[in-house]
Amino acid sequence: MVKRSRTLSSTIAACLALMASGQTGLDSLRALAFDRNKPDSVRFSAFYDLEWDGYLFNDPDSAFILGTELRTEARSSNNKVFEARSSELFAAVWYVRGDMRTALLHYDTALALHKRNRDVDGQADVITNMASMLSYLGELDSALAMYTEGLALHERLRDSASIANDLNAIGRVHMLRGDHARAVDLYMRSLSIQEQLGNKRGICTSLANLGGLYLGQSDWNEALDHYRRAAAIAEEIDDEHQLGKQLEEIGSCLEELGDTAQAMSEFLRSEALRLRIEDHHGLVNGRNRMAGILVKQGRYAEALDLYQSAETMARTEDLPWGLGNALVGTSRALLMTELPERALRAAMAARIATLDWMSPE
């Protein structure tokens with residue numbers, strides 16, 4: 001989960017964050033953001049919260065436009081704090097779109113600006129967000145080192161919300177490494193803090209990660225329950241990025257339980273959301289899974305079309321894990337259609353992509 005930098009320049013910003021709990025709050029933020037009679041500190045805080053709470057996770061194009069405006073105004077006012085935060089917003093937009101490499105570039109800019117400003121809180125959040133991008137790209141050792149660095153800064157700042165997010169993220173890295181015992185301990189510690197804070201977005205992520213843990217242990221019903229709870233929260237807070245993820249995972253559980261018709265329905269719902277917000281990472285994963293169902297149903301030509309779509313997007317967006325899965329699926333589908341030479345070429349390409357993902361450094 002990508003995090004926002006929360007250290008704002010005045011207590012007014014904290015009030016604004018509390019206001020942004022519904023449409024009335026968003027309207028208030030919008031009015032403040034564009035009221036040129038207000039001080040820059042108030043306007044820029046409202047801009048930032050409006051983009052994060054109102055647009056980032058359901059309309060990233062609009063968030064990008066607002067981020068550009070915030071950066072322009074911050075630079076013209078020589079407001080170095082919000083110049084840095086505008087770079088964070090750009091990075092978050094690319095994360096939502098599934099382009100981790102471009103997100104990293106913007107986070108690198110934000111980190112340099114936070115260091116210039118001596119903003120330790122901003123540095124801590126950017127470091128852990130960069131770690132998240134690296135973990136999605138399979139660079140687990142680098143991700144864990146950055147998470148550890150960010151967690152140490154958040155503990156120094158006594159930032160409970162960020163500590164909870166860091167524990168969650170570190171747990172995910174350990175889960176990917178196969179250390180489920182350590183992962184579940186970190187997830188439960190994170191969930192406990194998020195529940196104490198009433199942080200719905202954090203609770204959603206914790207539940208989803210626990211669902212992934214149960215999925216890895218083949219406990220489909222327990223995983224399904226956690227993913228459904230996470231999806232309900234994502235829908236409540238209007239986070240289409242998270243909702244798209246949870247619908248895909250719900251579909252994967254239903255597929256394992258034998259309900260392929262409902263699984264395909266959930267995958268299609270997820271795809272529609274991800275198309276809307278241009279989440280390439282999610283689209284590749286979802287299309288691979290839908291193609292897998294089509295192979296089981298003997299619909300090989302349709303499956304190969306979907307795998308080709310996933311492969312093309314994965315190559316364009318630098319998504320080696322999705323690319324490997326697309327090539328493996330293509331190989332299986334070609335074998336079923338009695339094209340062994342093409343199947344072998346796809347399998348060899350999948351092996352190369354997988355090795356690249358496992359040893360990126």
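The rules behind these values
- Residues numbered from 1 in each chain as written.
- Predicted model: local features only at pLDDT ≥ 70, side-chain atom pairs only at ≥ 80, totals over all residues.
- Heavy atoms only, no water.
- Helix = DSSP H or I, 4+ residues; strand = E, 2+ residues; numbered from the N terminus.
- Expected span 1.5 Å × (residues − 1).
- Buried < 20%, exposed > 50% of the residue type's maximum accessible area, 1.4 Å probe, protein only.
- Contact = heavy atoms within 4.5 Å.
- Core = buried A, V, L, I, M, F, W, Y, C linked by side-chain atoms within 4.5 Å.
- Axes fitted to C-alpha atoms, helices over the stretch in contact; angles between N-to-C directions.
- Parallel < 35°, antiparallel > 145°, perpendicular 65-115°, else oblique.
- Left-handed = near helix turned anticlockwise from the far one by under 90°.
- Nonpolar A, V, L, I, M, F, W, Y, C, P; charged D, E, K, R; others polar.
- Salt bridge = Lys/Arg side-chain N within 4 Å of Asp/Glu carboxyl O.
- pLDDT = per-residue confidence, 0-100.

Asks: Could you give an account of helix α6 (residues 100-117), naming the residues involved and the relevant values?
Replies: Owing to its 3.6 residues per turn, the α-helix brings residues three or four apart onto one side. Here α6 is 18 residues long and its end C-alpha atoms lie 25 Å apart, about the 26 Å a rise of 1.5 Å per residue gives. Those residues of α6 lying buried are Met 100, Ala 103, Leu 104, Tyr 107, Ala 110, Leu 111, Leu 113 and His 114. Where α6 is buried, its residues contact α5 (80-96), α7 (120-136) and α15 (280-296). Looking at the residues trailing α6, positive phi occurs at Arg 118, about 60 degrees.

Asks: Could you give an account of α15, naming the residues involved and the relevant values?
Replies: Its 17 residues give α15 an end-to-end C-alpha distance of 25 Å, which sits within 8% of 24 Å, the value for a rise of 1.5 Å per residue. Across the 17 residues of α15, 15 count as buried, placing the element largely inside the fold. Just downstream of α15 lies Gly 298, where phi reads positive at about 80 degrees.

Asks: Describe the nonpolar core, with residues and values.
Replies: Residues Leu 56, Leu 70, Tyr 95, Tyr 107, Met 130, Met 133 and Tyr 147 are the most contacted members of the largest nonpolar core, which totals 54 residues. Counting residues per element, the ones that place at least two in this core are α2 (23-33), α3 (40-55), α4 (60-76), α5, α6, α7, α8 (140-157) and α9 (160-176). Residues Leu 191, Leu 213, Ile 233 and Ala 333 belong to the second largest nonpolar core, which totals 36 residues.

Asks: Break down the packing of helix α11 (residues 200-216) against helix α12 (residues 220-236) for me, with residues and values.
Replies: Orientation of α11 relative to α12, taken along the N-to-C sense of each, is 160 degrees, at an axis distance of 8 Å. Between α11 and α12, the interaxial angle falls into the category roughly antiparallel. When you trace α11 past α12, the crossing you get is left-handed. In this structure, α11 uses Lys 200, Ile 203, Cys 204, Leu 207, Ala 208, Leu 210, Gly 211, Gly 212, Tyr 214 and Leu 215 to contact α12, whose residues at the interface are Trp 220, Glu 222, Ala 223, His 226, Tyr 227, Arg 229, Ala 230, Ile 233, Ala 234 and Glu 236. A breakdown of the residues in the contact of α11 with α12 according to their chemical character gives 13 nonpolar, 3 polar and 4 charged.

Asks: Account for the side chain of Ser 270, with residues named and values stated.
Replies: Here Ser 270 shows up in helix α14 (residues 260-277). Take Ser 270: its relative accessible area is 2%, and that puts it in the buried class. For Ser 270, the contacting residues outside a window of four places in its chain are Gly 244, Leu 247 and Glu 248.

Asks: Residues and numbers for unusual backbone geometry, please.
Replies: A positive phi is found at Arg 118, a non-glycine position, where the angle reads about 60 degrees. With respect to the helices and strands, the residue Arg 118 is situated in the loop between α6 and α7. When its relative accessible area of 74% is taken as the criterion, Arg 118 is described as exposed. The phi torsion at Asp 318 lies on the positive side, around 60 degrees, for a residue other than glycine. Looking at the secondary structure, you find Asp 318 in the loop between α16 (300-317) and α17 (320-336).

Asks: So what's going on with the pattern of salt bridges? Which residues, and what values?
Replies: Pairs can form between side chains of opposite charge once their charged atoms are near each other. Tallied over the full model, the rule gives 26 salt bridges. One salt bridge connects Arg 85 with Asp 119, and the closest N-O pair in it is separated by 3.3 Å. Of this pair, Arg 85 sits in helix α5 while Asp 119 is found in the loop between α6 and α7, placing the two residues 34 residues apart along the sequence. A salt bridge links Arg 289 to Glu 249; the nearest nitrogen and oxygen atoms lie 3.3 Å apart. Of this pair, Arg 289 sits in helix α15 while Glu 249 sits in helix α13 (residues 240-256); the two residues are 40 residues apart in sequence, bridging distant segments of the chain. Classification of Arg 289 as partly exposed rests on a relative accessible area of 26%. Residues participating in the shared-partner salt-bridge network are Glu 248, Glu 249, Arg 274, Asp 279 and Arg 289.

Asks: Please provide a residue-by-residue account of the confidence of the model for the protein chain, values included.
Replies: Per-residue pLDDT for the protein chain has a mean of 87; in total, 87% of the residues score no lower than 70. Within the protein chain, the lowest mean pLDDT, 35, falls on helix α1 (residues 11-19), and the highest, 97, falls on α12. Overall, residues 6-21 carries pLDDT values under 50, and its contacts beyond four positions in sequence, including any with other chains, amount to 29 contacts.

Asks: Could you give an account of the side chain of Asn 58, naming the residues involved and the relevant values?
Replies: Within the secondary structure layout, Asn 58 lies in the loop between α3 and α4. By relative accessible area, which is 8% here, Asn 58 ends up buried. Setting aside chain neighbours within four positions, we find Asn 58 in contact with Asp 238, Glu 240, Arg 276 and Ile 277.

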